[in-house]
Amino acid sequence: MNPMVCPLTPDRRDEALDVTARAFHDTPRHYFERHQSADPAWDVAQSLVAVDSGAIVGHLWIADRAMRYGEARVRFGGIADVAVDPAHRGQGHAGRLLDAAVERMQADGQPLSLLSTGAPAVYAGRGWHPVPTARLQARFPDGDIEWAGGYVVRPFQAADLPAVMGIYSDIAADRVGPLHRSEAYWLALMDWLPGLSRGADVHFDVLVQVRSVVAYAITEVSDDALTILDGGIQSENLAIPLLNVWRDRAAARGVTRLAGELHPASELFDLLRKRASATLEPSRHCMARLNSLRGALESVVPELIRRRRRMAPLPGPAFVLNVDGEAARIETPMVNVVIGEPVGNEPVVELTSGQFLDLYFGMPGGYQALDALDIPPHVDVYLRRLFPNSPFMYWPADRF
């Protein structure tokens, strides 16, 4: 029988989980089962399997998620649990799974795809591009960490959720990349995160002042480091009490190192830079794929309109973006943005999908691509107004 890819069915899920566990021998099997089943949007049919001679030899899950894009939300496919049985590697199963995943996402109206990987070359050949992020490296300070007091750090409780969600929304308001988290998703995080790393302890803490939750953090403590998975901290004085608690937990396991991924302009990084000699190192493990140019643009129209109202409410040009052969017309009438089909007489801006994604996510590479093109000045100005540089932000708590 020729190898084939098909949707997973409930009666064969255990077989697919066994294959995934064999492929990721450092991660417990129950983590994959819990992570998938606890996701509020999960359905067994989101998983694709590679079948050879009747046996499942590979697996891929397309998590149905939405990304915050300022005031807009962009639905995307999160590629997760990509696994090929060690005994069947090198036979093209991973490529067939990825090709089928792209077809599925395009058919299901997911204009983007995101994934995290330690093997970017596998995905680059199927159209995924690196999205540069920043990885934190720091050491806990040896001396006292002084703070004004008046705060209590305690474990998260379900009643804290409205306040925590409000803090998250405030931090993510102008950012591109944070996951759109429903109430059910927030509560499910603590179901699957503890199973991700063997021997690690996951803590969801809130910082309380006069019975009001004013900050929160999710961390993971292993024998190697304390890793920040999510940091809802908006000022330095809120970070210091949490830093004290983190240091005590780390010390109990003989750990002095802090790790994680942070936005370079975050208050938390600013504190760690001053108090814990923190640095941010470039990381390219996060990758994105453009599945539909038109879909990606239409999804973010509410945010593009907001940006226009801030910077240029007067009527602007109409122009065409052509990205690897797919074209979409962008019209900028008074305080509005309209995405449509090209009509044949507008200026055309040609980009590769990687260049477009850099522009879309607010990466410097997007402007570098524009700098190299001969674009009418008025079009160039509007492209930069619609897509300002604003570093991509993504919390490790949302990894899939």
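For the structure, check the block above.
Residues numbered from 1 in each chain as written. Predicted model: local features only at pLDDT ≥ 70, side-chain atom pairs only at ≥ 80, totals over all residues. Heavy atoms only, no water.

S.K.: What's the story with the overall build of the protein in this structure? I'm lost.
M.R.: Assigned secondary structure in the protein consists of 13 helices and 19 strands. Here the protein has a C-alpha radius of gyration of 22 Å; the compact-globule value for 400 residues is 21 Å, and the two agree. Oriented by its inertia axes, the alpha-carbon framework of the protein measures out at about 65 × 60 × 35 Å. For the protein, buried positions account for 53% of its 400 residues. Where the 39 positive side-chain charges of the protein centre and where its 49 negative ones centre are 2 Å apart. (Helix = DSSP H or I, 4+ residues; strand = E, 2+ residues; numbered from the N terminus. Rg over C-alpha atoms; globule rule 2.2 N^0.38 Å. Buried < 20%, exposed > 50% of the residue type's maximum accessible area, 1.4 Å probe, protein only. Lys, Arg positive; Asp, Glu negative; His and termini not counted. Charge placed at Lys NZ, Arg CZ, Asp CG, Glu CD.)

S.K.: Teacher, can you tell me more about the side chain of Ser-353 here?
M.R.: Looking at where Ser-353 falls in the secondary structure, it is placed in helix α11 (residues 353–360). Excluding anything up to four places from it in sequence, Ser-353 contacts His-129, Leu-290, Val-323 and Asp-324. (Contact = heavy atoms within 4.5 Å.)

S.K.: Mind showing me how you'd approach the pairing of strand β17 (residues 326–331) here?
M.R.: A regular strand carries its side chains on alternate faces of the sheet. In the sheet, strand β16 (residues 318–323) pairs with β17 via 6 bridges, with the strands oriented antiparallel. Its bridge partner lying in β17, Ala-318 is registered against Glu-331. Two successive antiparallel strands, β16 and β17, enclose a turn made up of 2 residues, where Asp-324 displays a positive phi of approximately 50°. (Pairing = 2+ DSSP bridges.)

S.K.: Sorry, what's going on with the layout of surface pockets here?
M.R.: Rolled over the atoms, a probe as big as a water molecule pinpoints where empty space is left. For the second largest pocket, the calculated volume is near 200 Å³. Around the second largest pocket, the lining is made up of 13 residues, and of these Ile-171, Arg-175, Ala-265, Ser-266 and Glu-267 lie nearest the centre. For the lining of the second largest pocket, the secondary structure elements donating two or more residues are α5 (161–172) and α8 (267–275). Its residues assigned to classes, the lining of the second largest pocket comprises 7 nonpolar, 3 polar and 3 charged. (1 Å grid on protein atoms, 1.4 Å probe; cavity = no way out; pocket = protein on both sides within 12 Å on 5 of 7 lines; lining within 4 Å. Points joined across faces, edges and corners; volume = space filled by probe spheres on them. Nonpolar A, V, L, I, M, F, W, Y, C, P; charged D, E, K, R; others polar.)

S.K.: Where do I start with the packing of helix α10 (residues 301–311) against helix α13 (residues 377–386) in this structure?
M.R.: Between two packed helices, both the angle of their axes relative to each other and the distance between the axes serve to describe the pair. For the pair α10 and α13, interaxial distance at closest approach is 9 Å and the crossing angle is 115°. In this view, α10 runs roughly perpendicular relative to α13, as classed from their interaxial angle. Contacts from Leu-304, Arg-307, Arg-308 and Met-311 of α10 reach α13 at Tyr-382, Arg-385 and Leu-386. In terms of residue class, the contact of α10 with α13 is made up of 4 nonpolar, no polar and 3 charged. (Axes fitted to C-alpha atoms, helices over the stretch in contact; angles between N-to-C directions. Parallel < 35°, antiparallel > 145°, perpendicular 65-115°, else oblique.)

S.K.: Help me understand the packing of aromatic side chains in this model?
M.R.: What describes a pair of aromatic rings is the distance from one ring centre to the other and the angle between the planes of the rings. All chains considered together, the criterion is met by 15 aromatic pairs. Look at Tyr-360 and Phe-361: their rings are 5.7 Å apart centre to centre, the planes differ by 70°, and that puts the pair in the edge-to-face class. Here Tyr-360 and Phe-361 have matching classes, each one buried. Through a chain of ring-to-ring contacts, three or more aromatic side chains come together here, namely Tyr-69, Phe-356, Tyr-360, Phe-361, Phe-387, Phe-392 and Tyr-394. In this structure, Arg-181 packs its charged tip against the face of Trp-186, placed 4.5 Å from the ring centre. Over the ring of Tyr-382 we find Arg-385; its NZ or CZ atom is 5.5 Å from the centre of that ring. (Phe/Tyr/Trp six-rings, centres within 6.5 Å; stacked < 30°, edge-to-face > 60°. Lys NZ or Arg CZ within 6 Å of the ring centre and 35° of its normal.)

S.K.: Help me out: how do you make sense of the pattern of salt bridges in this one?
M.R.: In a structure, side chains of opposite charge can pair up when their charged atoms sit close to one another. The final tally for this structure, using the stated rule, is 31 salt bridges. With a closest N to O distance of 3.6 Å, Asp-174 and Arg-310 form a salt bridge. In this pair, Asp-174 is assigned in the loop between α5 and β9 (176–179) and Arg-310 in helix α10, connecting sequence segments 136 residues apart. Asp-174 gets classed as partly exposed once you look at its relative accessible area, which sits at 38%. Using a relative accessible area of 58% as the deciding quantity, one classes Arg-310 as exposed. One salt-bridge network, held together by shared partners, links Asp-174, Glu-303, Arg-306, Arg-307 and Arg-310. (Salt bridge = Lys/Arg side-chain N within 4 Å of Asp/Glu carboxyl O.)

S.K.: What should I look at first to understand the sheet that holds strand β18 (residues 338–340) in this one?
M.R.: By definition, the strands of a sheet pair up through backbone hydrogen bonds, in either a parallel or an antiparallel sense. Here 4 strands make up an open sheet; going across it, the order is β18-β17-β16-β19 and the pairing mixed. Strand pairing shows two members of the sheet lacking a second neighbour, β18 and β19 (348–351), which therefore form its edges. Strand-to-strand, the axes of this sheet are offset by a mean angle of 25°, without reference to chain direction.

S.K.: Sorry if this is basic, but what is going on with a nonpolar patch on the surface here?
M.R.: A cluster of nonpolar side chains, namely Leu-314, Met-334 and Val-335, defines an oily patch on the protein surface of about 270 Å² accessible area. Topologically, Met-334 is positioned in the loop between β17 and β18. Look at Met-334 and you get partly exposed, because its relative accessible area is 47%. (Patch = residues over 30% accessible without salt bridge, like charges linked within 9 Å, V, L, I, M, F, W, Y side chains within 5 Å. Areas by Shrake-Rupley, 256 points an atom, 1.4 Å probe, with all protein chains shown as cover.)

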